[in-house]
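Tertiary structure, described
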Amino acid sequence: MQKEETAYLTVYLSLVFGIVLSLLFALIEGAAIGAARAQAEIVADLGMDCVFAEYHREILDQYELFFIDTSYGSQNGGIGMTEKHLSDYLAKNMDPDKEVDSFGGITYLRLINPYLEICEASYASDDSGAVWKAQAVAYMKAVYGGDIINTVKDHLETVQKNEMNTRDAVSEIKKQKNEFEEALAAKEIIELDAETSDGNSYTKISKLVDKLVSGTLLKLVMPSGDKLSQASVNTNDYYSGRVRAGKINSGMGLHEGASGADGLADELIYGEYLMKVCGNFRNQKENSVLKYQIEYILYGFSSDASNLSACLATLFAIRSVGNLIAIYSNSSMKVQAETVAEILCCLIACPELTPVLKNILLGVWALAESVADVKNLLDGGKVPLIKKEGQWNLSLSGALAGNFFGNVKKEEGLSYQAYLRVLLGLMNKQKKIVRSLDIVEMDVRGTDGNKYFRIDQCIDFIKVKFGFMDASGHDFVFEKKMCYE
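Since the model is a prediction, treat every value here as computed from it, not as a measurement. (Residues numbered from 1 in each chain as written. Predicted model: local features only at pLDDT ≥ 70, side-chain atom pairs only at ≥ 80, totals over all residues. Heavy atoms only, no water.)

Considerations on the overall build of the protein chain
When helices and strands are counted, the protein chain shows 16 helices and four strands. Taking 23 Å as the expected radius of gyration for a compact globule of 485 residues, we find that the protein chain reaches 36 Å, considerably beyond that expectation. Oriented by its inertia axes, the alpha-carbon framework of the protein chain measures out at about 165 × 45 × 40 Å. The buried share of the protein chain, taken over its 485 residues, is 46%. A separation threshold of at least 6 residues defines the contact pool for the protein chain, and within that pool the share at least 24 residues apart is 76%. Surface summary for the protein chain: the accessible area is close to 24000 Å², and the carbon and sulfur share equals 51%. (Helix = DSSP H or I, 4+ residues; strand = E, 2+ residues; numbered from the N terminus. Rg over C-alpha atoms; globule rule 2.2 N^0.38 Å. Buried < 20%, exposed > 50% of the residue type's maximum accessible area, 1.4 Å probe, protein only. Contact = heavy atoms within 4.5 Å. Areas by Shrake-Rupley, 256 points an atom, 1.4 Å probe, with all protein chains shown as cover.)

Below, the structure is given as C-alpha cells:
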C-alpha cells in the first residue's frame, strides 16, 4: 500500500516567507523614505549654511556685523534673489556628482525640490533699525562686556542732574543784562563809559556780553583752512531720505533669539559702538564720505561744517551751564566779581544795582571760560563737567579783556570724544539709528561693487518652507530658521 506524502511544512514556509518578504520590503521602503527625509534635511541645512556664508564683506570689515545683502551687488535686490541662491545650492547638494565626471556615480534617492519659499526675514532696518542696533549691541557686549559704559553713564547722570542739557545759561545772562539796563534807563543814567583803573567800563562789558550771547566769538574756535572739512552729501540719497519718502523694505522685525536694545544701558552701548566704528572731528575715519560722522549722527545736516558748528554750539551751551554752576559755588570768584561790580556801580552812581551787575560779571566770566573750553576740546584737551578750584583757564580780568585762549589747561576732565558720548546718550533714539544707517550706506557705497548698496535690503534672519520629493513620489515638507548669532 502506497503512503500519501504531506506538504504542510512547505506550505508553512511559503506563508512565512511571504510575510517575511513583506516585512523586509516594508523595512526597505521605510529605510528609503527615512534616508530621503534625512537627505532632504541635510540638503536644506547645507543650503542655509551656504546662503549665510554669503555675508556682506564690507559690513563685516567696517562695522563688524553679519548681514546678507539680498541685492548681491546689483541695482535691484530682493528676497527673491536670496531664494534663487538657496535654490541653486539645494540643486548642487541634492546631486553633488552631477557635474563631476565619475564612472558609476549615481544618486539613488534622486531628490527634487519643487517648492521653496522664504516666508519670513528680518531686515537691518526693521523697527526703525532695531535689528541693526540689536546685533551691534550684542557684539559690543560679547567683545567688551557691559561695564564699558560705566564712565559715560556717570557723566550722563552729572549732565542731567545739573540740567546742563536743558538749562539756557545764555538766556539767563541776557535777561540779567536787560534788567540792569532797564533799571539804568529808569534812573535816566546814560554816562556808562567811566572806566576803572583796569580799563573796565559798563559799556565795554555790555558789548562783550552781546558778542558772547550772540555766538560770534564761538566762530573763533572753528578750524580754518584745510583743517575744516568741506565734504557734503544729499541726505535724500540715503536711508533717511527713503524713510521720509516711505520707500523702505520691511520684514518681520526682531527675530527669535534677538533681544531688543531699548534700555538706557543698551542705548549707551550702541553709542559706544558708534564711537568705535564711526569717525569724528578728532578721529576721522579713513576714506569716509563725511569726515565728521558722529557729528552728522547728532545733527543730521548735509555738510561737515554745519554739523561741526552745531556740535560746538551745543558744547558751548553745556559748558556755559557747567561753568555758571561752578562759579556760583566758588566764594573767591564771587568776591572778585562783586568788587568790580561795586566800583562800576559807584562810577555810574547806582550802588544799589551792584548785586545785578555782579551776576552779569559772573555770567560773562562763565561764557568766556566756555569759549576757551570749546577751543580746548577741539585742540585735543580735556575739560571737566563741573570745574573745581585750579581748573579755570581765565581770570576775571582776562575774561573782561577778551583774552580767551591764553594758558588753557588740557590735562584734566573729559575729552572731545567723551563729550560726544554724552551727546549720543542724550539724543533721540530713532534719529540716532536712522542717521547711523545713513553713514553705513555712505561708506559701503564707496567700495568696489557696492554702488547701489541699501541697508534695507540686508537681512540677518530667514524662515524657509521647503518641499522635497524623492524618486518614488514621497513628499517631505518642513520649515527651517537660521540667523547670525
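Considerations on the side chain of glutamine 391
Following the sequence through the fold, glutamine 391 ends up in the loop between helix H13 (354-378) and helix H14 (396-400). Judged by relative accessible area, which is 16%, glutamine 391 ranks as buried. A polar contact of 2.7 Å, which involves the side chain of glutamine 391, links it to the backbone nitrogen of lysine 388. (Polar contact = N/O pair within 3.5 Å; in protein donor to acceptor, adjacent residues only side chain to side chain.)

Some points on the packing of aromatic side chains
Given two aromatic rings, their pairing is described by the distance between the two centres and the angle made by the two planes. Across all of its chains, the model carries 13 aromatic pairs by this definition. Geometrically, the ring pair formed by phenylalanine 67 and tryptophan 132 is stacked, given 5.4 Å between the ring centres and 15 degrees between the ring planes. Of this pair, phenylalanine 67 sits in the loop between helix H2 (57-63) and strand E1 (68-69) while tryptophan 132 sits in helix H4 (residues 126-144), placing them 65 residues apart in sequence. For the pair formed by phenylalanine 67 and tryptophan 132, the shared burial category is buried. One aromatic cluster is present, built from ring pairs that chain together Phe52, Tyr55, Phe66 and Tyr484. Cation over ring: arginine 57 sits above tyrosine 55, and NZ or CZ is 4.4 Å from the ring centre. The ring of tyrosine 270 carries the charged tip of lysine 133 above its face, separated from the ring centre by 6.0 Å. (Phe/Tyr/Trp six-rings, centres within 6.5 Å; stacked < 30°, edge-to-face > 60°. Lys NZ or Arg CZ within 6 Å of the ring centre and 35° of its normal.)

Observations regarding the packing of helix H11 (residues 304-328) against helix H15 (residues 416-426)
Running from N to C, H11 and H15 point in directions that differ by 90 degrees, and their axes come no closer than 12 Å. As summarised for this structure, H11 and H15 are arranged roughly perpendicular, according to the angle between their axes. Contact with H11, carried on its side by Leu308, Cys311, Thr314, Leu315, Ile318 and Arg319, involves Tyr416, Tyr419, Leu420 and Leu423 of H15 and no other residues of that element. Counted by class, the contact of H11 with H15 contains eight nonpolar, one polar and one charged residues. (Axes fitted to C-alpha atoms, helices over the stretch in contact; angles between N-to-C directions. Parallel < 35°, antiparallel > 145°, perpendicular 65-115°, else oblique. Nonpolar A, V, L, I, M, F, W, Y, C, P; charged D, E, K, R; others polar.)

Observations concerning the nonpolar core
The tendency in soluble globular proteins is for nonpolar side chains to be buried as a group. Counting 114 residues, the largest nonpolar core has Trp132 and Tyr273 as the members making the most contacts within it. Ranked by residues supplied to this core, first place goes to H13 with 13 residues. The contacts of tyrosine 273, once residues within four sequence positions are left out, are Tyr63, Leu65, Trp132, Ala136, Tyr139 and Met140. Leu90, Leu111, Ile118 and Phe476 belong to the second-largest nonpolar core, a separate cluster that totals 24 residues. (Core = buried A, V, L, I, M, F, W, Y, C linked by side-chain atoms within 4.5 Å.)

Observations concerning helix H6 (residues 169-186)
An ideal rise of 1.5 Å per residue puts 26 Å on 18 residues; H6 measures up with 26 Å between its terminal C-alpha atoms. Of the residues making up H6, those classed as buried are Ala169, Val170, Ile173, Gln176, Lys177, Phe180 and Leu184. For H6, the buried positions fall inside an angular range of 130 degrees around the axis, keeping them on one side. Facing away from the buried side of H6, by more than 90 degrees, are the exposed residues Lys175, Glu182, Ala185 and Ala186. Check the buried side of H6 and you find it contacts helix H7 (202-214), H11, helix H12 (331-347) and H13. For H6, the N-terminal capping position is held by aspartate 168, with its side-chain oxygen 3.3 Å away from the main-chain nitrogen of valine 170. (Expected span 1.5 Å × (residues − 1). Arc of directions from axis to C-beta.)

Things to note about the confidence of the model for the protein chain
With 92% of its residues at a pLDDT of at least 70, the protein chain reaches an overall mean of 88. Averaged over each element, pLDDT in the protein chain is lowest for helix H1 (residues 8-52) (79) and highest for helix H10 (residues 293-299) (98). (pLDDT = per-residue confidence, 0-100.)

Some words on the pattern of salt bridges
Should their charged atoms come close, side chains of opposite charge can pair. The final tally for this structure, using the stated rule, is 24 salt bridges. Across the salt bridge formed by glutamate 181 and lysine 177, the nearest N and O atoms sit 2.9 Å from each other. With a gap of four residues between them, glutamate 181 and lysine 177 both fall in helix H6, about one helical turn apart. Judged by its relative accessible area of 26%, glutamate 181 falls in the partly exposed class. (Salt bridge = Lys/Arg side-chain N within 4 Å of Asp/Glu carboxyl O.)

Concerning the pairing of strand E4 (residues 475-483)
Remember that side chains alternate between the two faces of the sheet whenever the strand is regular. When strand E3 (residues 458-469) meets E4, the two strands line up antiparallel, connected through nine bridges. By the bridge assignment, phenylalanine 468 is partnered in E4 with phenylalanine 476. The antiparallel hairpin formed by E3 and E4 contains five residues in its connecting segment, where glycine 473 sits at a positive phi of about 90 degrees. (Pairing = 2+ DSSP bridges.)

What about the state of the cysteines?
In total, this model carries zero disulfides according to the counting rule given. With no disulfide partner, cysteine 119 has as its closest neighbouring cysteine sulfur the one in cysteine 483, 14 Å distant. (Disulfide = S-S within 2.5 Å.)

Comments concerning a nonpolar patch on the surface
Among the surface-exposed residues, Tyr12, Leu13, Val16 and Val20 lie close enough to one another that they form a single nonpolar patch of about 360 Å² accessible area. Residue placement: leucine 13 occurs in helix H1. (Patch = residues over 30% accessible without salt bridge, like charges linked within 9 Å, V, L, I, M, F, W, Y side chains within 5 Å.)

Some details on the side chain of asparagine 393
Mapped onto the secondary structure, asparagine 393 falls in the loop between H13 and H14. At 3.0 Å, the side chain of asparagine 393 forms a polar contact with the side chain of aspartate 373.

Digging into the packing of helix H9 (residues 264-277) against helix H16 (residues 429-445)
Between H9 and H16, the shortest axis-to-axis distance is 12 Å and the interhelical angle comes to 25 degrees. By the angle between their axes, H9 is roughly parallel relative to H16. Handedness of the H9/H16 crossing: left-handed. Seen from H9, the contacting residues are Glu267, Tyr270 and Leu274; seen from H16, they are Lys429, Lys432, Ile433 and Ser436. Of the residues belonging to the contact of H9 with H16, the class tally is three nonpolar, one polar and three charged. (Left-handed = near helix turned anticlockwise from the far one by under 90°.)

Quick look at unusual backbone geometry
A positive phi angle, near 60 degrees, is found at glutamate 64, a position not held by glycine. Position of glutamate 64 relative to the elements: it lies in the loop between H2 and E1. Overall, glutamate 64 belongs to the partly exposed group, its relative accessible area being 30%. Positive phi, close to 65 degrees, is recorded for asparagine 287, a residue that is not glycine. Within the secondary structure layout, asparagine 287 lies in the loop between H9 and H10. A residue is classified by how much of its surface remains accessible, and asparagine 287, at 68% relative accessible area, is exposed.

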